[in-house]
Amino acid sequence: MSNEFGPNFITLTDDEGNNIDLEYVDALELNGQTYMAFIPAEMNLDDAYELMIMKVELEENGEEALVTLDDEDEEGLEF
């Protein structure tokens, strides 16, 4: 069975060294900038979840990195 159409998961490490497992939900390109939406990978059915939106930026070495939103204008993005 192919996982081609299955959910996508990533693990990010926060500033304190904690791993966070996220499930990819959707992406949006706006004004030449790519934004990606994630939800926590592990949730109980009773848990409310917060949609995490991050933007894709190029690092100096040319690799893509996910960064949290800092600009107040970007915080209002809706998927």
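These numbers were taken from a predicted model, which means no experiment stands behind them.

About the thresholds
- Throughout this description, residue numbers start from 1 for each chain and increase along the sequence as written.
- In keeping with the model being predicted, local features are shown solely for residues with a pLDDT of at least 70 and side-chain atom pairs are shown and tallied solely at 80 or more, while totals for entire chains, interfaces and linings include all residues.
- The side-chain values count all of the structure's non-hydrogen atoms but skip hydrogen atoms and water molecules.
- Where helices and strands are cited, they refer to DSSP runs of H or I of at least four residues and of E of at least two residues respectively, numbered from the N terminus.
- Note on exposure labels: buried denotes an accessible area under 20% of the residue type's maximum, exposed denotes more than 50%, and partly exposed covers the range between, all computed with a 1.4 Å probe on protein chains only.
- We call two residues contacting when some pair of their heavy atoms lies within 4.5 Å.
- Per-residue and other accessible areas were derived by the Shrake-Rupley procedure at a 1.4 Å probe size, with only the shown protein chains allowed to occlude residues.
- Residue-level confidence of the predictor, termed pLDDT, takes values from 0 up to 100.
- Counted as a polar contact is a pair of N or O atoms within 3.5 Å, where, for protein atoms, one must be capable of donating a hydrogen and the other of accepting one, and residues adjacent in sequence contribute only when both atoms are in side chains.
- Pairs of strands are assigned from DSSP output, requiring at least two bridges between the strands.
- Convention adopted: a line fitted to C-alpha atoms gives each axis, helices being fitted over their contacting stretch, and angles between N-to-C directions are expressed from 0 to 180 degrees.

1. Details of the overall build of the chain
- Along its length, the chain carries zero helices and five strands.
- From first element to last, N terminus to C terminus, the chain shows the α and β order β-β-β-β-β.
- Counting over 79 residues, the chain shows a buried share of 16%.
- The contacts in the chain between residues at least 6 apart in sequence include a share of 21% that link residues at least 24 apart.
- Within the structure as shown, the chain displays about 6600 Å² of accessible surface, and the carbon and sulfur contribution to it stands at 43%.

2. Some remarks on the confidence of the model for the chain
- Per-chain confidence: the chain averages 80 in pLDDT, with 73% of residues scoring 70 or above.
- The spread of mean pLDDT over the elements of the chain runs between strand 5 (residues 64-68), the lowest at 88, and strand 3 (residues 33-40), the highest at 91.

3. Looking at the side chain of Lys55
- Among the secondary structure elements, Lys55 is positioned in strand 4 (residues 52-58).
- Within the structure, the side chain of Lys55 is placed 3.3 Å from the side chain of Glu57, a separation counted as a polar contact.

4. A word on the sheet that holds strand 1 (residues 9-13)
- Spatially, the five strands line up as an open sheet ordered 1-2-3-4-5, and their pairing is antiparallel. The open sheet terminates on both sides in strands that have one partner only, identified here as strand 1 and strand 5. Neighbour-to-neighbour, the strand axes of the sheet open up by a mean angle of 45°, direction not taken into account.
- Looking at chain direction, strand 1 and strand 2 (residues 19-30) are connected through five bridges and run antiparallel. Among the inter-strand pairings, Thr13 is bridged to a residue of strand 2, identified as Asn19.

5. Quick look at the pairing of strand 4
- Pairing analysis gives four bridges linking strand 3 to strand 4, with the strands arranged antiparallel. Along strand 4, the bridge assignment pairs Phe38 with Met52.
- As defined by bridge partners, strand 4 adjoins strand 5 across five bridges and the pair is classed as antiparallel. If you follow Val56 over to strand 5, its bridge partner there is Leu66.
- Turn length for the strand 4-strand 5 hairpin, with the two strands adjacent in sequence and antiparallel, is five residues, and the turn residue Gly62 shows positive phi of about 90°.

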